[in-house]
Amino acid sequence: MTQSSPILQASGLSCIRDDRVLFSELTFTLNVGQVLLLEGKNGSGKTSLLRILCGFREPDAGQICWCGECISDSQYYADMAYIGHLDGIKKELTVFENLSVALALGRPGQYPLSDALVRVQLSGYEDVLVQALSAGQKRRLSLARLLVTQNRLWILDEPFTSLDKQGIKLTEILMTEHTASGGLIVLTSHHDLNLPAVDVQRIHLS
Amino acid sequence: MSLTHAFFAILRRDLILALRRRSEIANPLLFFVLVITLFPLGIGARPQLLQAIAPGIIWVSALLAAMLSLDSLFRSDFDDGSLEQILLSSHPISVLILGKIVAHWLVTGLPLILIAPLLAVFLGMPQPAIGVLLLTLLLGTPVLSLIGAIGVALTVGLRRGGMILSLLVLPLYVPVLIFAGNAVEMAGNGLPVTAQINILIAILLLTLVLAPWPTAAALKMSMS
């Protein structure tokens, strides 16, 4: 896996927030099948880095390249998916309606909607309004969004929040499968990541 | 999925959301009706005066009702993260945003047009003027949504953006108000209104083409 050409490349990234330097001269390369785990205490800039990777924030210095091209000029947005602190799920819509919108915004992925719901153990909830779901079930629904759309890079901000043990295990299985099929993952987590079969890079922000 | 599919998915999503939160439709409409019904009470028994200022009353009320409804355009999507997902789509964001604006107009602008004839009769507006009033509303209210979207996109990230929003958007609404109000008034006096209607059509087409871009750009800025 390590022989393949680098896909996500960040060089010399720095982020300054309210005159505080969160990180500077951050350089990393992520290849096919690799996971990048961002560690650090609260307020160390993990989420800021993820938002920079999503293009929501401009880095104060440095640049990010996807397949050798700057992210704004490349196919980047067709290849990536992001789950942030906010679920991005409408609580007035049903589970099925939420996933259909996600599908319409992206490209159809490896799972049809119903299969993705089976995968995240939400089958039978298709016509339930999301406001009736628990916090953990909402998290599972946002995981299903990753499955129904085609994307190579997953950017996950604290994906294990509010998931039960089973849900955490499920997420880890999905992440392993994703990397095995040539995907890349960047994530932050306070939970100990248990991915034995995956090449995990760690960056500690302080 | 194709771009048209994505456009209609967003449009459909916003219409379903509006149906499930009815107060969003009801509030601007109720405001519109209330303001207009209060004018005759405030002015007193002077039907001539009322008839003379009817175009202005209806248009100013429509404008304020549109302003009142603007905040709902992006607020809930911003708060629950759906907007992030829309901005990360590989489709052109301006087209997706246009879908949201069209849905917003269908939900807040169209009901005003449907109820306006009744209120026009109520204010004693002459028959030919009512037709022109509907035409100006049909051409003008989409402009209010389109221009308003730019303002909301710029202020959605601020905690108290309401005041700035009015200051940003109201001056841009003024041309629509002037030409539409003038057209209805002239029609009431039996004069031709082609020029005003043409200008309104031009404003509509111009904003339809140009407004989604700055809106999308402003939303990206609001995200950071």
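Data block above holds the structure.
Residues numbered from 1 in each chain as written. Chains lettered and ligands numbered in written order. Predicted model: local features only at pLDDT ≥ 70, side-chain atom pairs only at ≥ 80, totals over all residues.

**Focus on the pairing of strand β6 (residues 80–83) of chain A**
All names here are of chain A.
Then, in step 1: Burial of β6 is two-sided: the residues Met80 and Tyr82 facing one way and the residues Ala81 and Ile83 facing the other way are all buried.
Then, in step 2: Relative to strand β7 (residues 153–157), β6 runs parallel, the two being bridged by four bridges. Bridging from a neighbouring strand, Ala81 pairs with Trp154 of β7. (Buried ≥ 20, exposed ≤ 12 C-beta atoms within 10 Å, placed from the backbone. Helix = DSSP H or I, 4+ residues; strand = E, 2+ residues; numbered from the N terminus. Pairing = 2+ DSSP bridges.)

**Things to note about the sheet that holds strand β8 (residues 184–188) of chain A**
All names here are of chain A.
Then, in step 1: The strand order across the open sheet built from five strands is β6-β7-β8-β3-β9, with neighbouring strands paired in parallel fashion. This sheet does not close on itself; its edge strands, each paired only once, are β6 and β9 (199–204). Neighbour-to-neighbour, the strand axes of this sheet turn through a mean angle of 15 degrees, independent of strand direction.
Then, in step 2: In the sheet, strand β3 (residues 34–39) pairs with β9 via six bridges, with the strands oriented parallel. Bridge pairing in β9 links Glu39 to His204. (Axes fitted to C-alpha atoms, helices over the stretch in contact; angles between N-to-C directions.)

**A word on the pairing of β7(A)**
Then, in step 1: Of all five residues in β7(A), four are buried, a share of seventy percent or more.
Then, in step 2: The β-α-β motif built from β7(A), the intervening helix α6 (residues 165–180) of chain A and the parallel element β8(A) has right-handed crossover chirality. (Right-handed = clockwise from strand over helix to strand, strands pointing away.)

**Brief notes about the nonpolar core**
Burial of nonpolar side chains together is a common tendency in soluble globular proteins.
Then, in step 1: Ala144(A), Ile155(A), Ile58(B), Ala62(B), Leu133(B) and Ala153(B) are the most contacted members of the largest nonpolar core, which has 123 residues in total.
Then, in step 2: The element that contributes the greatest number of residues to this core is helix α7 (residues 127–155) of chain B, accounting for 16 residues.
Then, in step 3: If we skip the residues at most four places from it in the chain, Ala62(B) touches Phe32(B), Leu112(B), Leu137(B) and Thr141(B). (Core = buried A, V, L, I, M, F, W, Y, C linked by C-beta atoms within 7 Å. Contact = placed C-beta atoms within 7 Å.)

**Here we look at the packing of helix α6 (residues 93–122) of chain B against helix α10 (residues 212–223) of chain B**
Residues and elements named next belong to chain B.
Then, in step 1: Where α6 contacts α10, the two axes come as close as 8 Å, and the packing angle between them is 100 degrees. With respect to each other, α6 and α10 are oriented roughly perpendicular. Contacts from Ile93, Ser94, Ile97 and Leu98 of α6 reach α10 at Pro212, Trp213, Thr215 and Ala216.
Then, in step 2: In the contact of α6 with α10, the residues fall into six nonpolar, two polar and no charged. (Parallel < 35°, antiparallel > 145°, perpendicular 65-115°, else oblique. Nonpolar A, V, L, I, M, F, W, Y, C, P; charged D, E, K, R; others polar.)

In short, shape yes, function no, at least from these values alone.
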